[in-house]
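Tertiary structure, described
Residues per chain, in single letters:
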Amino acid sequence: ALSRPPPRRVDRLPRSVSPPTAAARPRATGRRRRLAAAEEDGAATTATTSEGDDEEEIPQIEIPERPEHVRVVDAFLPAADAVALRGVFDAHNDDPRRVHEHRFVWDYWHVPGQYTQLRTPAADYFPEEQFEALEEALLTYAREELGCSAMTPVWLSNYVDGMRQEIHADVPHGPFAFVLSLTNWDKRRFTGGETFLLRPETLDYWRGFETSSVVERGAVVQTVEPEFNRLTVFDPRIPHGVNVVEGTRDVREGRLVLHGWFMDLAPHFSGALTEATCEPALGEILPPLYEALGTLPRARGFLVVKVNVDANGRVTGTEWKADTLVPAPAPNLPDPTEVRDAILLEVAGTFMDATFPAAGAPGAVTVPFEFD
């Protein structure tokens with residue numbers, strides 16, 4: 001449940017989201033490529049342009065089967081960097097009788113019935129060089145994988161016996177929350193400490209309800225263990241929390257994590273493409289796309305698409321880097337899967353039709369979309 005959902009290949013817009021209700025209207029263009037139909041063996045097919053030009057091979061557009069609300073990246077930092085960060089904490093707490101300034105930086109944060117943990121700003125706790133390397137690793141991931149250009153200040157939190165976070169949602173902070181664990185998970189002497197999140201099926205409980213099924217905790221929530229150097233990125237709209245830690249009062253043996261939120265959606269340019277060279281092309285691509293998306297049923301969440309471009313400016317394919325898109329409930333709404341298909345196909349199809357400046361070498365632009 002923690003890996004990316006498998007993609008599906010789709011070759012047309014769903015009929016149930018066609019005019020006059022909420023159409024995904026194709027734009028007037030003679031070179032709109034047909035989406036390649038998936039064959040049984042999954043091989044790419046070819047399609048001709050609408051003018052009847054010579055056949056050209058069209059990359060298939062893959063549509064994720066469902067949103068990805070939780071992502072786990074193991075061994076996120078170089079091993080030496082993760083060990084060094086943990087080493088700073090261990091050095092500050094090597095002797096409980098030793099008194100120094102780093103022992104007095106912790107805030108005992110307690111909101112009755114909701115939050116109990118120790119926390120401190122990470123930027124002030126770690127040496128400047130180490131924190132800057134951590135910050136750069138997180139921001140690089142945010143830009144390349146999530147379409148985010150910034151993040152909130154990073155917290156370092158510690159959980160010992162009795163500490164927890166009860167279920168909540170972090171809607172206003174940013175589109176993606178993250179937790180990077182420095183916990184010695186394999187040597188832990190406590191129970192609990194896992195991040196838990198309500199499953200999408202729980203949030204839409206009655207749609208798939210079956211009277212013959214046994215419903216227990218694992219069917220309602222999913223948990224992510226804070227293994228050492230594991231980055232967990234999740235949709236903060238999903239109600240979530242931290243299971244109560246029990247078994248140790250020693251901070252050296254507790255749950256130790258860095259956490260915050262990625263924020264400020266912005267395009268990211270890589271390879272030979274730059275913001276300056278792509279700005280005119282995006283200025284032509286995005287306004288009609290926004291108009292077309294406005295005709296579709298309402299959805300909430302974020303899409304991040306990476307558009308790969310060859311040396312001549314031709315789009316060679318698209319990749320979905322992030323997808324938390326969920327159709328908004330409404331009367332007479334088509335099947336949610338078809339709504340998602342229509343939106344994702346409109347986005348991918350628009351970029352597959354686009355042309356970027358010839359840069360003389362391949363490049364890519366990662367474009368985020370917010371739906372609300």
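Residues numbered from 1 in each chain as written. Predicted model: local features only at pLDDT ≥ 70, side-chain atom pairs only at ≥ 80, totals over all residues. Heavy atoms only, no water.

**Observations concerning helix α1 (residues 79-92)**
In a regular helix each residue adds 1.5 Å, so 14 residues correspond to 20 Å; α1 covers 20 Å between its end C-alpha atoms and thus fits that length. Turning to α1, its buried residues number three or more, namely Ala82, Leu85, Arg86, Val88, Phe89 and His92. Seen along its axis, α1 keeps its buried residues to an arc of 140 degrees; they face one direction. Exposed side of α1, more than 90 degrees from the buried face: Ala79 and Ala80 are the residues found there. (Helix = DSSP H or I, 4+ residues; strand = E, 2+ residues; numbered from the N terminus. Expected span 1.5 Å × (residues − 1). Buried < 20%, exposed > 50% of the residue type's maximum accessible area, 1.4 Å probe, protein only. Arc of directions from axis to C-beta.)

**Focus: a negative patch on the surface**
A contiguous patch of negative charge, built from Glu128, Glu129, Glu132 and Glu135, is present on the exposed surface. On the secondary structure map, Glu135 appears in helix α3 (residues 128-146). The class of Glu135 is partly exposed, set by a relative accessible area of 30%. (Patch = residues over 30% accessible without salt bridge, like charges linked within 9 Å, V, L, I, M, F, W, Y side chains within 5 Å. Areas by Shrake-Rupley, 256 points an atom, 1.4 Å probe, with all protein chains shown as cover. Salt bridge = Lys/Arg side-chain N within 4 Å of Asp/Glu carboxyl O. Lys, Arg positive; Asp, Glu negative; His and termini not counted. Charge placed at Lys NZ, Arg CZ, Asp CG, Glu CD.)

**Describing the environment of Thr152**
Summarising the element assignment, Thr152 is placed in the loop between β8 (148-151) and β9 (155-159). C-alpha of Thr152 to C-alpha of Gly174: the two residues are 22 residues apart in sequence and 8.3 Å apart in space. The contacts of Thr152, once residues within four sequence positions are left out, are His173, Gly260, Trp261 and Met263. (Contact = heavy atoms within 4.5 Å.)

**A closer look at empty space enclosed by the protein**
Applying the stated criterion to the full structure yields three cavities of 30 Å³ or more. Looking at the lining of the largest cavity, the elements with two or more residues in it are β5 (70-73), β14 (231-234) and β19 (315-323). For the lining of the largest cavity, the per-class residue count stands at six nonpolar, two polar and four charged. (1 Å grid on protein atoms, 1.4 Å probe; cavity = no way out; pocket = protein on both sides within 12 Å on 5 of 7 lines; lining within 4 Å. Points joined across faces, edges and corners; volume = space filled by probe spheres on them. Nonpolar A, V, L, I, M, F, W, Y, C, P; charged D, E, K, R; others polar.)

**A short note on the nonpolar core**
Judged by nonpolar contacts, the single largest core of 35 residues is most densely connected at Leu303, Trp320, Ile343, Val347, Phe351, Phe356 and Phe369. Elements supplying a minimum of two residues to this core: α6 (275-293), β18 (299-309), β19, α7 (336-352) and β21 (363-371). Here this core gets nine residues from one element, more than from any other, and that element is α7. The next biggest cluster of nonpolar side chains, apart from the first, holds 32 residues, and it includes Leu134, Tyr141, Leu156 and Phe262. (Core = buried A, V, L, I, M, F, W, Y, C linked by side-chain atoms within 4.5 Å.)

**Some thoughts on the layout of surface pockets**
Reported here for the largest pocket is a volume of approximately 1300 Å³. As for the largest pocket, its lining consists of 40 residues, and the residues nearest its centre are Arg199, Pro200, Glu201, Thr202 and Asp204. Among the elements of the structure, α4 (200-203), α5 (217-220), β20 (326-327) and α7 are those that each provide at least two residues to the lining of the largest pocket. Among the elements that make up the lining of the largest pocket, the one with the highest residue count is α4 (four residues).

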